[in-house]
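Observations on the model geometry
Here's the letter readout for the chains.
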Amino acid sequence: MRPVDLAREHGLSTQAVRNYEEAGILPPAGRTPSGYRVYAPRHAAALTAFLALVPAHGHATASAIMRAVNGGAADEAFRLIDESHAELAGDRRTLEAVERALHDLTLPDAEEPARDAVFIGPLARRLGLRPATLRKWENAGLVVPGRDPRTGYRVYDASAVRDVLMAHQLRRGGYGLEQIAQVLERMRTAGGPEALRPTLREWHERLAARGRAMLAGAAALDAYLDA
């Protein structure tokens, strides 16, 4: 096949095909006596595999997988794939933890602390935490309490208590502060627990789509390895 033939077959430009070859995503092309590139069916299989791997693993990881395969380092390619699967599994666990936390926030016992502003000591005792833990969460950007204008003490309004409850649930699930901060920021952007539910549905859909893409990418890569 000529570069234009391979490009047309995959809906790409000829320059993109050349770029992929130079990046090691495709194996080196053959050459005619006059120096023109010539591609074989295995190049088409490589390009098909790469384009299937991108939505599953991202462009950078898909590129690294193909370079490893083309360089004879299949074990490295498999390691990269395993890491993507582990990342997806972690994302699913995080989503499940967020949904559990949201469910707990809707229970009467969970809503009670959020009815009025509360100082750090009573809030910590109510949740079985130390005030130092709440201060640590504040320093990590998880929770932003206000200050009492007379005493300067930390005071947690309804939204801050909600964030504390969510952080508490996720910490009990074993999640790190950085990961929790991302979840809380997502919730604040959505406008609260109820407003976050459509976002959670979209999150489910994205994870499902990525899982399906991983299946397609694996099949295409397997076909290329056979080729």
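The rules behind these values
Residues numbered from 1 in each chain as written. Predicted model: local features only at pLDDT ≥ 70, side-chain atom pairs only at ≥ 80, totals over all residues. Heavy atoms only, no water. Helix = DSSP H or I, 4+ residues; strand = E, 2+ residues; numbered from the N terminus. Rg over C-alpha atoms; globule rule 2.2 N^0.38 Å. Buried < 20%, exposed > 50% of the residue type's maximum accessible area, 1.4 Å probe, protein only. Contact = heavy atoms within 4.5 Å. Areas by Shrake-Rupley, 256 points an atom, 1.4 Å probe, with all protein chains shown as cover. Lys, Arg positive; Asp, Glu negative; His and termini not counted. Charge placed at Lys NZ, Arg CZ, Asp CG, Glu CD. Pairing = 2+ DSSP bridges. Core = buried A, V, L, I, M, F, W, Y, C linked by side-chain atoms within 4.5 Å. Polar contact = N/O pair within 3.5 Å; in protein donor to acceptor, adjacent residues only side chain to side chain.

**Here's the deal with the overall build of the protein chain**
Of regular secondary structure, the protein chain possesses 11 helices and 5 strands. Taken over the C-alpha trace, the protein chain has a radius of gyration of 25 Å; the compact-globule value for 227 residues is 17 Å, which it surpasses by more than 25%. For the protein chain, the residues scored as buried account for 42% of the 227 residues in total. Taking the intrachain contacts of the protein chain between residues at least 6 apart in sequence as the baseline, contacts between residues at least 24 apart amount to 60%. Per element, the accessible surface of the protein chain, about 12,400 Å² overall, is 52% carbon and sulfur. Taking the 30 positively charged and 28 negatively charged side chains of the protein chain as two groups, their mean positions are separated by 4 Å.

**Points about the sheet that holds strand β3 (residues 118-119)**
Read from one edge of the open sheet, 3 strands run β3-β5-β4, paired in antiparallel fashion. Edge positions in the sheet fall to β3 and β4 (146-147), since each has one partner strand and no second.

**A few points about the side chain of H168**
Its place among the elements puts H168 in helix α9 (residues 158-172). On the basis of relative accessibility, which here comes to 13%, the residue H168 falls in the buried class. Those residues in contact with H168 that lie beyond four places of it in its chain are L127, L129 and W137.

**Digging into the nonpolar core**
If you look at the biggest cluster of nonpolar residues, it comprises 37 residues, and the most contacted ones within it are L134, W137 and Y156. Secondary-structure elements contributing two or more residues to this core are α5 (74-105), α7 (120-127), α8 (131-139), α9, α10 (177-190) and α11 (193-226). Sort the elements by how many residues they give to this core and α9 lands first, with 7 residues. When sequence neighbours within four positions are dropped, the list of residues in contact with L134 reads I120, L123, A124, L129, Y156 and V164.

**Brief notes about the side chain of H10**
Assignment of secondary structure puts H10 in the loop between α1 (3-9) and α2 (14-22). Within the local environment of H10, its side chain forms a polar contact with the side chain of T48, the two groups lying 2.9 Å apart. When neighbours within four sequence positions are excluded, H10 is seen to be in contact with A44, L47, T48 and L51.

The values reported here are purely geometric and, on their own, carry no functional implication.
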